[in-house]
Amino acid sequence: MITEELNTIKIDKVKESSFAKKIKKSTRVKEKTIHYFFALNGVMALIFIILIFIFLFKEGLSALEHIGLLDFIYFDRVQSDGSVERLYQWYPTSEEARYSLIPLIAGTLLTAVPATLISTIFGVAAGIYLSEIANPKLKEFLKPAIELFAGIPTVVIGFIMLAAGATFFDDLLNPANRLNAFIASIGLSFIIIPVIASLTEDALHSIPNELRMASYGLGATRWQTVRYVILPAAFSGVSASIILGFGRAIGETMIVLMASGNAANITTNIFNSVRTMTATIAAEMGEVSHGSDHYFALFFIGIVLFTITFILNLIAEIIINKMRKKNIF
Amino acid sequence: MELLKKKRNDVEGLIFINLVRFLFYILLAVLIFLLFKIFIEGIGVISFEFLFDSPRNNMTEGGIGPAIFGTIAVTFIMILFAVPLGVFSAIYLNEYAKDTFLTRIIRTSVNNLAGVPSIVFGLFGLGFFILFVGKNLDEVLGTGLLFGQPALLWASATLAVLVLPVVIVSTLEALNSVPKTHRDASYGLGATKWQTIKNVVLPQARPGILTGTILAISRGAGETAPILFLGAAFFLPNLPLVDLCIGDYCITIINPAEQFMYLAYHIFILATQSANPTKTLPIQYGSTLVLIALTFLLNITAIIFRYRFRKILGRV
């Protein structure tokens, strides 16, 4: 097709140069139109990105006019004898509404941190196994299989933890609450392990083979090579994968909504029910009247979540970019 | 000699290598057990009737037909919004836009947007699509309360914004993997920019773009959190359809202003808020099996596409 058009232009040039110019002009117009069409799409995508920022922060920050920053931390209740009791509670629908985010942040951490720890152990092990130990032919099948699990809808994991997991651990450990932070963090691990495993494998795989060969050449065993050569070289990539996993654990909604018990406790006991920031938005946004203090408070939680995960992702991206530059020898 | 001796006595290595292997096998066993459990518990209720019937008798009997229909309807409209916009803007970013500070910021935000929690997109959908766009549309068109409430259209639009980064990132990756030499060769033959994109770049990048699109559909079909307050309904007697008539000629289309049932939401609501969760447990497992089968099918297709795509590129 290209050559056809080339030929016509060439022949036309020979025959009549003015005609050739005419074709060229129409092509030029077409090219410009197409260029602007794609640019328009790019601009529209950009507008959506900007709109997300604007609308989230517009609604979230107007919470500060209605509620005030300190009220998101504590609530001072004046007792009948005049003394002040400081409460860290989330009771947005009570008569004296309390909007402290402390129990929600505590709940988020009590599910996300154990989940990240469990996932780091299993995810990094799986990454090492896939990259360094498994038979390459087996790996070609196993890696997509692990990645497949990252695509399981989270509501499925939440359902399984609720229907089967909770009963299993209830019999096994006899926890304080049947649905608790521990159950939720086990559920979260199911989606974070594939993330960490896949990215760890990428990071280990990108280490040049020369390093492995040099290490074997010096007489190191396979484990010594992994432990003293590969893992240190891939350290930044592995840590980026853990940061991304932590970000997902904080932002995950359905699993914690279904498995954590949803009681806004401040507790360090992992076998208690807790309530996370995401679950709070999910559970309460449907019933709240638009424009109320409660509505804006939920949007404020939204920007807290948005900011935390955005920063975590940014850190991970910077680390990965640095790693990419370093690995090109 | 000493090194060799050390190698033979590398007890630490033996322990750790086997530990890693052991952890991986545990992981695999648990994952397979999970799937097996869902399959065993769910396969009993799967039948033609279950897939196409409406729920009956306060959700304790009947099928999940409307929920499957709703899932397909929402994801279909989502694709219409997200895929053209995502693919075209990726083409712009990769082929037309110069590498400036602005485009780098766009790339970074797109990358990071993919990691923003889905519930936050739900908030955006509520604040922007329903309360801003919808309410204003109602005011301008004088339609009362038609657009300014949770509906299928807004759920699809929100999911489209959610999967937009997925589409853009995978399209960028696909376009980026087409060697620059091929573009240069095309220019050298006198082809214009658009001719090069149309005849050289896009045909090579197509499997990669398709992979991203399929992954986006699978992600959209499995999401629950953002649509919780964007129009997903517990139970609806009728499918969200409407007859669109021009003169005497009528066609039935998806009604975008209607609420809808959604497979993922259906599982959530049956498991947590139905009157008798134990009685509906088989239905819950059955619905879960259908949802998992749907997403796995999409993901496996995407993985196969990507595998072949990488193989082709390896040969180039």
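Residues numbered from 1 in each chain as written. Chains lettered and ligands numbered in written order. Predicted model: local features only at pLDDT ≥ 70, side-chain atom pairs only at ≥ 80, totals over all residues.

### Regarding the overall build of chain B
When you go through chain B residue by residue, the secondary structure sums to 11 helices and 4 strands. In terms of principal-axis extent, the alpha carbons of chain B reach across some 85 × 60 × 35 Å. A buried classification covers 47% of the 316 residues belonging to chain B. A separation of at least 24 residues holds for 77% of the contacts in chain B among residues at least 6 apart in sequence. (Helix = DSSP H or I, 4+ residues; strand = E, 2+ residues; numbered from the N terminus. Buried ≥ 20, exposed ≤ 12 C-beta atoms within 10 Å, placed from the backbone. Contact = placed C-beta atoms within 7 Å.)

### Thoughts on the overall build of chain A
If you tally the helices and strands in chain A, you get 12 helices and 4 strands. Rg of the C-alpha trace for chain A: 28 Å, well past the compact-globule value of 20 Å for 329 residues, more than 25% over. Here the C-alpha coordinates of chain A stretch approximately 105 × 65 × 35 Å along the principal axes. Residues counted as buried form 46% of the 329 residues belonging to chain A. Excluding contacts between residues fewer than 6 apart, the proportion of contacts in chain A whose partners are at least 24 apart in sequence is 74%. (Rg over C-alpha atoms; globule rule 2.2 N^0.38 Å.)

### Re the environment of K198 of chain B
Note that K198 of chain B resides in helix α9 (residues 193-222). Through-space distance from the C-alpha of K198 of chain B to that of I246 of chain B is 37 Å; in sequence the pair is 48 residues apart.

### Re the interface of chain A and chain B
Counting residues at the interface gives 68 residues for chain A, matched by 73 residues for chain B. The greatest single-element share of the side of chain A that touches chain B, amounting to 18 residues, is contributed by helix α2 (residues 17-66) of chain A. Tallied by class, the residues present in the side of chain A that touches chain B amount to 47 nonpolar, 17 polar and 4 charged. (Nonpolar A, V, L, I, M, F, W, Y, C, P; charged D, E, K, R; others polar.)

### Overview of the nonpolar core
In this structure, A126, M161, M258 and A259 of chain A together with A82, V163 and Y262 of chain B are the most contacted members of the largest nonpolar core, which totals 187 residues. When residues of this core are assigned to their parent elements, the largest contribution, 18 residues, is made by helix α7 (residues 152-176) of chain B. (Core = buried A, V, L, I, M, F, W, Y, C linked by C-beta atoms within 7 Å.)

### Here's the deal with helix α6 (residues 118-141) of chain B
Bending of α6 of chain B peaks at approximately 30 degrees at the position of G125 of chain B. Trailing α6 of chain B by a residue or two, G142 of chain B shows a phi angle of about 65 degrees, which is positive. (Bend = angle between axes of the 7 residues up to and from the residue.)

### Focus: the packing of α7 of chain B against α9 of chain B
All names here are of chain B. Where α7 meets α9, the axes come as close as 8 Å, and the angle between the chain directions of the two elements is 155 degrees. It follows from the interaxial angle that α7 and α9 lie roughly antiparallel. Where α7 crosses over α9, the two elements pack in a sense that is right-handed. Here L159, V163, V166, V167, S170, T171, E173, A174 and L175 of α7 come into contact with α9, specifically with V201, A205, G208, I209, T211, G212, T213, L215, A216, R219 and G220. Within the contact of α7 with α9, the residues separate by chemical class into 11 nonpolar, 7 polar and 2 charged. (Axes fitted to C-alpha atoms, helices over the stretch in contact; angles between N-to-C directions. Parallel < 35°, antiparallel > 145°, perpendicular 65-115°, else oblique. Left-handed = near helix turned anticlockwise from the far one by under 90°.)

### Looking at the packing of helix α5 (residues 154-173) of chain A against helix α10 (residues 263-272) of chain B
Contact geometry for α5 of chain A and α10 of chain B: axes closest at 10 Å, N-to-C directions at 20 degrees. As the angle between them shows, α5 of chain A and α10 of chain B are arranged roughly parallel. α5 of chain A and α10 of chain B meet at a crossing whose hand is left-handed. Residues V155, F159, L162 and A163 of chain A of α5 of chain A lie in contact with α10 of chain B, whose contacting residues are A264, I267, F268 and A271 of chain B.

### Structural notes on the environment of D99 of chain B
Among the structural elements, D99 of chain B can be located in the loop between α4 (65-96) and α5 (101-113). Between the alpha carbons of D99 of chain B and L28 of chain B there is a distance of 43 Å; along the sequence they are 71 residues apart.

### Let's talk about the pairing of strand β2 (residues 84-87) of chain A
Pairing analysis gives 4 bridges linking strand β1 (residues 75-78) of chain A to β2 of chain A, with the strands arranged antiparallel. Of the residues in β2 of chain A, the one forming a bridge with R77 of chain A is E85 of chain A. (Pairing = 2+ DSSP bridges.)

### Quick notes on unusual backbone geometry
Residue and element names in this part refer to chain A. Unlike most non-glycine residues, N174 shows phi in positive territory, near 50 degrees. The phi dihedral of N262 is positive, around 60 degrees, even though this residue is not glycine. Assignment of secondary structure puts N262 in the loop between α10 (254-259) and α11 (277-284).

Distances and angles like these do not, on their own, reveal function.
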